[in-house]
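Fold and contact review
Chain residues, written in single-letter form:
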Amino acid sequence: MQTFLVTGAAGFIGSHSVEGLLARDCRVIGVDNLRTGHLENLEIARTSPHFMWVLADAGDEAAMRVLFEQHRFAGVLHLAALVSVPESFREPALNYQLNLAAADSIARLCLEFECRRLVFASSAAVYGADAALPNRESAIPQPQSPYAAAKLAAEVMLLGYAASYGLEAVCLRYFNVYGPRQDPGSPYSGVLSIFTDRLRNGLPVTVYGDGEQTRDFISVRDVARANGEALTQAQVAAGRYNVSTGQGISLNEVLAIYQELFPNTLPINYAVARIGDIRHSRGDPEQLRNLLGFSAQTPFAQGLRELVLGYSEENRA
Ligand code: UD2
């Protein structure tokens, strides 16, 4: 049985990824500092004898070294991060520490302890607002936030180690991930977590702009599967890969689906567009398909319905 380290395990994507790995008969050591993660997210994982939970900061090299000494990791999924773009503007030093320095330190531990596979959580944010559509990995990245800059810099460090030492660094650029356990707590949380939370509570939703902006929404179940494939497939080429559906969906189209699910009340406020908001974002999924044979399987309407109807954990495929 192979053992994997997952950092950011108690987060939204982390907890789903841990469950996916356990379902593949892997052992998982899950690390989180609970800065933005929640232990409740690991309720299911913690019932597994093959899961071990560790409260630690992924950037704490001494604490991580102990884990690398104790286990022979077949791979590391590094998801721990400062996840809020606005927070990265307010706290650039912390952004550097959590989004770049921690990735570098994890990568060096992988090299030292001969763990060849490192899957890194990057972001579509690296493309910036003006990139040609669909976003292709070959585009010149134009980060427009400290967050995007650190994610891009971390990719570059890891791919440098890949070229220098043979690290199998798979940098996954997630597009707009949605699904159960996404925290709706901040105005900058994922739009679908906010809309779902508010509509469930009978509260009005606000659309910034005309609602014609589009996003490539991908279900967290698909993202967890992509992470699992990237960690466990025998052969990979180090590189940067979009994790996307290839489909753009407008907020107005999203609201039409909500309308079916909440037929009685759907008060929508339209407000001015957010400064710096991207108009259209859509990834080209081809490279990851070539690497892993991966393509997103959850149709958006189905994924949204499952999210809204409180998709129970027992129903999970
Ligand atoms: C996503 C990422 C962000 C960064 C960015 C890079 C998420 C949650 N955020 O931001 O981390 O990578 O891409 O481009 O994945 N909106 C509303 N009403 C609301 C909330 C949002 O209309 O109550 C709009 C918002 O103005 C935007 C769209 O919905 O046009 C999506 O917003 P978002 O915050 O979910 O994600 P995005 O793409 O701006």
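Our subject is the structure listed above.
Parameters at a glance
- Per chain, residues are indexed from 1 in the order of the written sequence.
- For this predicted model, a pLDDT threshold of at least 70 governs which residues receive local features, and a threshold of 80 or more governs which side-chain atom pairs are given and counted, while totals over whole chains, interfaces and linings are taken from all residues.
- By convention in this description, side-chain values take in all heavy atoms of the structure and omit both hydrogens and water.
- Being near a molecule or strand, for a residue, comes down to having at least one heavy atom within 4 Å of it.
- Here a polar contact means two N or O atoms within 3.5 Å. Within protein one must be a hydrogen donor candidate and the other an acceptor candidate, and residues neighboring in sequence count only if both atoms are side-chain atoms.
- A 1.4 Å probe and the Shrake-Rupley method give the accessible areas. Residues count as covered only by the protein chains that appear here.
- Residues are sorted three ways: Asp, Glu, Lys and Arg are charged, Ala, Val, Leu, Ile, Met, Phe, Trp, Tyr, Cys and Pro are nonpolar, and all the rest, Gly among them, are polar.
- Here a Phe, Tyr or Trp ring, Trp counted by its six-membered ring, pairs with any other such ring whose centre lies within 6.5 Å, and the pair is stacked when the planes are under 30 degrees apart, edge-to-face when over 60, and tilted otherwise.
- In this text, helices come from DSSP runs of H or I with a minimum length of four residues, and strands from runs of E with a minimum of two, each type numbered from the N-terminal end.
- Per-residue accessibility, obtained with a 1.4 Å probe over protein chains only, is compared with the maximum for each type, and a residue is labelled buried under 20%, exposed over 50%, and partly exposed between these values.
- We call a set of buried Ala, Val, Leu, Ile, Met, Phe, Trp, Tyr and Cys residues a nonpolar core when their side-chain atoms join them within 4.5 Å.
- The contact criterion used is simple: two residues touch if any of their non-hydrogen atoms lie within 4.5 Å.
- Salt bridge, as used here, is a side-chain nitrogen of Lys or Arg placed within 4 Å of a carboxyl oxygen of Asp or Glu.
- Here a strand pair is declared whenever DSSP counts at least two bridges between the two strands.
- A clockwise path from the first strand over the helix to the second, with the strands pointing away from the viewer, defines a right-handed crossover.
- Convention adopted: a line fitted to C-alpha atoms gives each axis, helices being fitted over their contacting stretch, and angles between N-to-C directions are expressed from 0 to 180 degrees.
- Helix span, as expected, comes to 1.5 Å for every residue beyond the first.
- Between 65 and 115 degrees an angle is taken as roughly perpendicular, under 35 as roughly parallel, over 145 as roughly antiparallel, and anywhere else as oblique.
- In this scheme the crossing of two helices becomes right-handed for a clockwise turn of the near helix relative to the far one and left-handed for an anticlockwise turn of less than a right angle.

On to the site of the ligand. The full set close to the ligand counts 18 residues, and V191, T206, Y208, R215 and D277 are the nearest of them. At 2.8 Å from an oxygen atom of the ligand is found a main-chain nitrogen or oxygen belonging to Y208. In this structure, R215 approaches the ligand through a side-chain N or O atom, which is 2.6 Å from an oxygen atom. When the ligand sits alone it has 720 Å² of accessible area, and the protein chains cover 84% of it. Split by residue class, the shell around the ligand holds nine nonpolar, six polar and three charged.

This brings us to the packing of aromatic side chains. Scanning the entire structure with this criterion turns up nine aromatic pairs. Between Y178 and F217, the ring centres sit 6.5 Å apart and the planes meet at 85°, which makes this aromatic pair edge-to-face. Residue Y178 is located in strand β7 (residues 176-178), and its partner F217 is located in strand β10 (residues 217-219); the two are separated by 39 residues in the primary sequence. Taking the relative accessible area as the measure of exposure, Y178 reaches 2% and is therefore buried. When the ring of F195 is compared with that of Y258, the centres are 6.0 Å apart and the planes differ by 70°; the resulting orientation is edge-to-face.

Glancing now at the nonpolar core. Taken as a class, soluble globular proteins show a tendency for nonpolar side chains to be buried jointly. Grouped together as the largest cluster of nonpolar side chains are 35 residues, with contacts concentrated most on L172, Y174 and L288. Those elements giving two or more residues to this core turn out to be β1 (3-7), α1 (12-23), β5 (117-123), β6 (168-174), α7 (220-232), β11 (239-243) and α9 (286-292). With residues near it in sequence (within four places) discarded, Y174 still touches I13, L79, A121, S122, S123, A124, V223, N227 and V243. With 28 residues, the next largest nonpolar core counts V31, L100, L118 and A162 among its residues.

As enumerated under the stated definition, the model contains 18 salt bridges in all. With its nearest N and O atoms 3.9 Å apart, the salt bridge here joins R65 to E61. Of this pair, R65 and E61 are both found in helix α2 (residues 61-70), four residues apart, which corresponds to roughly one turn of the helix. Judged by relative accessible area, E61 falls into the partly exposed class, the value being 26%. Note that E155 and R240 form a salt bridge whose closest N and O atoms lie 3.0 Å from each other. Placement of the pair is E155 in helix α5 (residues 146-165) and R240 in strand β11, with a sequence separation of 85 residues. For E155, a relative accessible area of 0% gives the class buried. Through salt bridges with shared partners, a single network forms among E61, R65, D104, R108 and E112.

Moving on, we come to the pairing of β6. Of all seven residues in β6, seven are buried; the element is thus mostly enclosed. Residues of β6 alternate between two faces, with E168, V170, L172 and Y174 on one and A169, C171 and R173 on the opposite face, all of them buried. Across seven bridges, the pairing between β5 and β6 is parallel. Bridging from a neighbouring strand, A121 pairs with L172 of β6. The handedness of the β5 to β6 crossover, carried by α5, is right-handed. In terms of strand pairing, β6 meets β11 through five bridges, oriented parallel. Directly across from L172, in β11, lies its bridge partner Y241.

This next bit is on the sheet that holds strand β4 (residues 73-78). Taken in spatial order, the seven strands line up as β3-β2-β1-β4-β5-β6-β11 in an open sheet, and their pairing is parallel. What marks the edges here is a single partner per strand, and that holds for β3 (51-55) and β11. For this sheet, the mean angle separating the axes of adjacent strands, direction not counted, is 20°. Pairing of β4 with β5, which is carried by four bridges, proceeds in the parallel orientation. Counterpart to H78 in the pairing with β5 is F120.

In this section: helix α4 (residues 92-112). Taking 1.5 Å per residue as the helical rise, α4 with its 21 residues ought to reach 30 Å, and the 29 Å between its terminal C-alpha atoms agrees with that figure. Looking at the residues trailing α4, positive phi occurs at E114, about 55°.

Attention shifts here to the environment of A271. Turning to its location among the elements, A271 is positioned in strand β13 (residues 268-271). Residues A271 and T214, 57 residues apart in the sequence, show an inter-C-alpha distance of 17 Å. In contact with A271, not counting residues within four places along its chain, are T206, V207, Y208 and G209.

Viewed as axis vectors pointing N to C, helix α6 (residues 191-200) and helix α10 (residues 300-308) meet at an angle of 45°, and their least axial separation amounts to 10 Å. Overall, the two elements α6 and α10 adopt an arrangement that is oblique. The two elements α6 and α10 cross, and the hand of that crossing is right-handed. Across the interface between the two elements, L192, T196 and R200 of α6 pack against F300, L304, L307 and V308 of α10.

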